[in-house]
Amino acid sequence: MPLLHGASLRALLAGAAVAHLSSSPIVRASPCAPPQPLRLRAFASHSASEPPPPPPSSPSPSTSRVLASAAAACDCEEGAKPAICTADELHYAPVPGTEWRLALWRYRPPPEAPKRNHPLMLLSGVATNAVGFDLSPGASFARHMSMQGFDTWIVELRGAGLSTRGSELAAASTKSDMSSNSELVPDASLTSSLEEVADKFLGLMELPQTSAIYDQISQLSQRLVKILGEGQQNVSPRLFGWQERLSATIEDLQKQLELIISYDWDFDHYLEEDVPAAIDYIKQQSVPKDGKLLAIGHSMGGILLYAMVSKCGFEGADPELAAIVTLASSVDYTTSNSSLKLFVPLADPAEMLRVPAVPLGTLLSTTYPISSRAPYILSLLRSQISAKDMMDPELLSKLILNNFCTVPAKVLLQLATSFRDGGLRNRAGTFFFKEHLRKIKVPVLALAGDEDLICPPEAVYETVKVIPQHLVTYKVFGKPEGPHYAHYDLVGGRKAVHEVYPCIIEFLSQHDDVSS
């Protein structure tokens, strides 16, 4: 069956809803029916100081739960922090032209700390949040930097950590509160769900589609048509079971559509929209005299910094960065033995786009209990993150269970270009970031770990060698006799505070002067 046109789909869903309402005495609306959950709409357009509309009085129990969830999000807007946020302050930076608001964790330096001229921005790796920079009071890279006098900000990009989008509140508010005995949702709620699915289909059909995304929508619409068609043929004795199945199908469709719709961004969105929005916000709050920031990026965070200064070098623009530090980052992995090369042959664009997002956090949290116990079937996971004896087991567990998020397939596909000749490129494949690093004017400190399986020292050097020599400092941490540094150890390894951090602080201090 071909994909339905918008008018046909809306008519079909409306007809099915009407037929359902008129033919089912079991669930026909009545004055005694439970009140419907309040449908809270997105308030991304509200500023941080502008509160969302007040809730109605005397909400039902299910409505109260929805309002509590929404209120928690509103509290974050107003300056309150959820327990997971251990920063001094939690800010939200709007991304112009989108519904996204990036969560920024701020760590203010104490009064006795040295006075610095520039705020410090921290960018983490792919599919990670702010937790990796602040694991505990005794193992907090961000807190350590603030104690050195830097007004420190961790940026959580779209889809990571506490960053939010207006549609997320609306989606949360539409979830049905099903009781333990699987009572059916009321009529109006089911009809509303049908309408919402139709709206999502129509929204997708208005967007430019790849063939793979088109196939996904087609398959979902066929399933919807099939279940609705079966419902029309049912007689009363079977109608009850049909409604249960319809409710489950609608919920399943909503989840799948959320994946298609929600996780639809790539590396260029981070580079061109999120990072500039974060920089602008940090500058507004910290007000550096020369309008510049210091920045540290780990893994993909460092790749973003390389891409940013490369693009500015090509355009002759000011990146607004006084200096950058990259930790285990490269825009060209072609000459290295990175463990990620094992997965590159699997990154077929047509196939990968059929899975719009990879729930990395869920996968890691699920497999970690297996990898951390005998017979250590997945022990490779640990070595990818940290070298032997470099992290306290409890902190490593916290990192794996709390630091990772879901990542769009499009982000992974674009990052996979760093394993091809010429290295990382933009989404159009027309701009090679490595090629223009020779034009940059920003000082760079590039650090590597000797046992980093993901971004080995040779990968880091492949990028470093094209940067003007007077601007770049390159150092590999780890000794033949130990300690050794794996991918995360440059940030949170137990030896990092004594070996890595001083190197970073010395470099940042050298470039913290304000130009006249």
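Anyway, here's the lowdown on the structure attached to this text. (Residues numbered from 1 in each chain as written. Predicted model: local features only at pLDDT ≥ 70, side-chain atom pairs only at ≥ 80, totals over all residues. Heavy atoms only, no water.)

1. Quick word on the pairing of strand β1 (residues 89-94)
The two faces of a sheet get side chains in turn, since along a regular strand they alternate between them. Our working definition: The pairing criterion is simple: DSSP has to find at least two bridges between the two strands. A run of H or I in DSSP counts as a helix once it spans at least four residues, and a run of E counts as a strand once it spans at least two, with each numbered from the N terminus.
As paired strands, β1 and strand β2 (residues 100-107) are joined by 6 bridges and run antiparallel to one another. For His 91, the partnering residue across the bridge sits in β2 and is Leu 104. The turn joining β1 and β2, which pair antiparallel and follow one another in sequence, is formed by 5 residues; a positive phi near 80 degrees is taken by Gly 97.

2. Section: helix α15 (residues 457-464)
Note the threshold: Buried means the residue's accessible area, taken with a 1.4 Å probe over protein chains only, is under 20% of the maximum for its type, while exposed means over 50%, and partly exposed covers the values in between. Here a residue-residue contact requires only that any non-hydrogen atoms of the pair lie within 4.5 Å.
With 6 of 8 residues buried, α15 is to be regarded as a mostly interior element. Taken as a whole, α15 has its buried residues at Pro 457, Ala 459, Val 460, Glu 462, Thr 463 and Val 464. Turning to α15, the residues buried within the fold contact α9 (300-315), β10 (444-449) and β11 (472-477).

3. Looking at the environment of Pro 443
Mapping Pro 443 onto the fold places it in the loop between α14 (409-415) and β10. Along the backbone, Pro 443 and Val 472 are 29 residues apart, and their C-alpha atoms lie at a distance of 5.9 Å.

4. Observations regarding the pairing of β11
For clarity, the cut-off: Handedness rule for crossovers: strands pointing away from the viewer, path from the first strand over the helix to the second running clockwise, crossover right-handed.
One ladder, built from 6 bridges, connects β10 with β11; its direction is parallel. Considered in β11, the bridge of Leu 447 is made with Lys 475. At this point the chain moves from β10, through α15, to the parallel β11, and the crossover so formed is right-handed.

5. Quick notes on the side chain of Ser 339
Turning to its location among the elements, Ser 339 is positioned in the loop between β7 (321-327) and α10 (349-352). Beyond its immediate stretch of four places on either side in the chain, Ser 339 contacts Gln 384, Leu 453 and Ile 454.

6. Some words on the pattern of salt bridges
Here is the rule we go by: Definition used for salt bridges: Asp or Glu carboxyl oxygen within 4 Å of a side-chain nitrogen of Lys or Arg.
What the rule picks out here adds up to 13 salt bridges. Salt-bridge contacts for Asp 264 lead to Lys 410; the nearest nitrogen and oxygen are separated by 2.4 Å. With Asp 264 in the loop between α7 (236-262) and α8 (267-286) and Lys 410 in helix α14, the pair connects residues that are 146 residues apart, well separated along the chain. According to the relative accessible area criterion, Lys 410 is partly exposed, its value standing at 28%. For the salt bridge of Lys 311 with Glu 272, the shortest nitrogen-to-oxygen distance reads 3.6 Å. Taken as a pair, Lys 311 in helix α9 and Glu 272 in helix α8 lie far apart in primary sequence, 39 residues in all. Classification of Glu 272 as partly exposed rests on a relative accessible area of 39%. It is possible to trace a salt-bridge network through shared partners that takes in Glu 89, Arg 106, Arg 108 and Asp 151.

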